[in-house]
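What follows is each chain in one-letter form.
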Amino acid sequence: DVKVTQSSRYLVKRTGEKVFLECVQDMDHENMFWYRQDPGLGLRLIYFSYDVKMKEKGDIPEGYSVSREKKERFSLILESASTNQTSMYLCASSYWPPGQGSHEQFFGPGTRLTVL
Amino acid sequence: GDSVTQMEGPVTLSEEAFLTINCTYTATGYPSLFWYVQYPGEGLQLLLKATKADDKGSNKGFEATYRKETTSFHLEKGSVQVSDSAVYFCALNAGNQFYFGTGTSLTVIP
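Scope of this entry: the structure provided in the associated data block. Every chain is numbered independently, its residues counted from 1 as its sequence is written. Chain A is the first chain written and ligand 1 is the first ligand written, with later ones labelled in order. Residues qualify for local features only when their pLDDT is at least 70, as the model is predicted, and side-chain atom pairs are given and counted only at 80 or more; totals for whole chains, interfaces and linings, by contrast, use all residues. To get the side-chain values, all heavy atoms of the structure are used, and hydrogens and water are removed first.

## Quick look at the interface of chain B and chain A
Right, so step 1: Contacts are residue-level and defined by heavy atoms, with any inter-residue pair within 4.5 Å sufficient. Facing 20 residues of chain B, the contacting portion of chain A comprises 22 residues.
Right, so step 2: The buried area of a pairing is the accessible area, by a 1.4 Å probe, that goes missing from both parts when the two are put together, added over both. Between chain B and chain A, the buried area comes to about 1600 Å², and carbon and sulfur atoms account for 52% of it.
Right, so step 3: The residue Glu104 of chain A makes a salt bridge to Lys49 of chain B at a minimum N-O spacing of 3.5 Å.
Right, so step 4: Any N or O atom pair separated by 3.5 Å or less is treated as a polar contact, with the protein-specific requirement of one donor-capable and one acceptor-capable atom, and with residues adjacent in sequence counted only for side-chain atom pairs. For the pair chain B and chain A, the interface holds three residue pairs in polar contact (both at pLDDT 80 or more).
Right, so step 5: Helix and strand assignments follow DSSP, with helices taken as H or I runs no shorter than four residues and strands as E runs no shorter than two, numbered in order from the N terminus. Counting residues per element, the side of chain B that touches chain A draws most heavily on strand 5 (residues 32-38) of chain B, at four residues.
Right, so step 6: In this classification, the charged set is Asp, Glu, Lys and Arg, the nonpolar set is Ala, Val, Leu, Ile, Met, Phe, Trp, Tyr, Cys and Pro, and all remaining amino acids, among them Gly, are polar. Taken together, the residues that form the side of chain B that touches chain A break down as seven nonpolar, eleven polar and two charged. Basic side-chain nitrogens of Lys or Arg form a salt bridge, by our definition, when they fall within 4 Å of a carboxyl oxygen of Asp or Glu.

Here it is as structure tokens:
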């Protein structure tokens, strides 16, 4: 089974702190994603990566950055945390097999971040 | 652009009741469609999928049929259980892009 793990289930930080959220997948997937999940808004894509050292902005990248130095690890960074970044953060990975029309995402358990 | 719209919740049903959660989509090409489920305190898990028109996805008693003519992928279950209480997300995949609905919370009471 594909396993996607996230470094923390719950995290509490103060405004202005630099925050690192780590995600690791063990199935050699090329694609990795960071979402935030808020009530009534569903999942919103922050950043995604198709390969090591590459990244693409999603729908709401402001206030976030990412790092992908190794294929299995995708980090989300809040450079200066703010209260409006209090949310559930979900990491996902996927692999698109050649010749197949579609593929699915595999999700981690989520990190609930509270910024005070 | 591509998008997914799903029925607002929350939905509360008695055990053994029939469940329908509506989902419609907008897409320019030929997307694949998914239902994911999120149990309390967990991430999303794939529940079922359909990759082309008229395909029916099924799993754990849940079913959904890919209807191109109505651009819909409604989730159904004939008899819900308390253990089905969760949030359900309809999703679309087109290429390397994924689009999710806002989620529908289901509570099943004994």
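## Brief notes about the side chain of Thr104 of chain B
Right, so step 1: Within the element layout of this structure, Thr104 of chain B appears in strand 12 (residues 104-109).
Right, so step 2: Of note is the side chain of Thr104 of chain B, whose polar atom sits 2.6 Å from the backbone oxygen of Met7 of chain B.

## Here's the deal with the packing of aromatic side chains
To describe a pair of aromatic rings, one takes the distance between the centres and the angle between the planes.
Right, so step 1: Aromatic rings from Phe, Tyr and Trp, with only the six-membered ring used for Trp, were paired whenever their centres fell within 6.5 Å, and each pair was classed as stacked if the ring planes differed by under 30 degrees, edge-to-face if by over 60, and tilted otherwise. Applying the stated criterion across every chain yields a total of 13 aromatic pairs over all chains.
Right, so step 2: Plain terms: the ring middles of Phe33 of chain A and Phe48 of chain A are 6.2 Å apart, the flat faces sit at 25° to each other, and that makes the pair stacked. Of this pair, Phe33 of chain A sits in strand 4 (residues 31-38) while Phe48 of chain A sits in strand 5 (residues 42-49), placing them 15 residues apart in sequence.
Right, so step 3: Phe33 of chain A gets classed as buried once you look at its relative accessible area, which sits at 2%.
Right, so step 4: A simple rule labels every residue: compare its accessible area, found with a 1.4 Å probe on the protein chains alone, to the largest value its type can have, and call it buried under 20%, exposed over 50%, or partly exposed in between. The exposure class assigned to Phe48 of chain A is buried, which follows from its relative accessible area of 6%.
Right, so step 5: A centroid spacing of 5.6 Å and a plane angle of 80° characterise the contact between Tyr35 of chain A and Phe100 of chain B, whose relative ring orientation is edge-to-face. Of the two residues, Tyr35 of chain A sits in strand 4 while Phe100 of chain B sits in strand 11 (residues 97-100), which places them in two different chains. No difference in accessibility class separates Tyr35 of chain A from Phe100 of chain B, as the two residues are buried.
Right, so step 6: Three or more aromatic residues joined by ring pairs form one cluster here, namely Phe33, Tyr35, Phe48, Tyr50 and Phe107 of chain A together with Phe34, Tyr36, Phe98 and Phe100 of chain B.

## So, the pairing of strand 4 of chain A
All names here are of chain A.
Right, so step 1: Here strand 4 lies mainly inside the structure; eight of its eight residues are buried.
Right, so step 2: Two strands pair when backbone bridges link them, and strand 4 and strand 9 (residues 87-94) are joined in this way by seven bridges, in the antiparallel orientation. In the sheet register, Arg36 faces strand 9, and the bridge partner there is Tyr89.
Right, so step 3: As paired strands, strand 4 and strand 5 are joined by seven bridges and run antiparallel to one another. Bridge assignment links Met32 to a residue of strand 5, and that residue is Ser49.
Right, so step 4: Linking two consecutive strands that pair antiparallel, namely strand 4 and strand 5, is a turn of three residues; a positive phi of about 80° is found at Gly40 within it. In this scheme, strands are said to pair when DSSP sees at least two bridges between them.

## Considerations on the sheet that holds strand 1 (residues 4-6) of chain A
All names here are of chain A.
Right, so step 1: Read across the open sheet, the four strands follow the order 1-3-8-7; overall the sheet is antiparallel. Strands with a single pairing partner mark the edges of an open sheet, and in this sheet they are strand 1 and strand 7 (64-70). Each strand axis lies, on average, 20° off the axis of its neighbour in the sheet, ignoring direction.
Right, so step 2: In this sheet, strand 3 (residues 19-25) lies alongside strand 1 in antiparallel orientation, the contact comprising three bridges. Each residue of the ladder has a partner; that of Thr5, found in strand 3, is Val24. Axis definition: a line fitted to C-alpha atoms, over the contacting stretch in the case of helices. Angles run 0 to 180 degrees between N-to-C directions.

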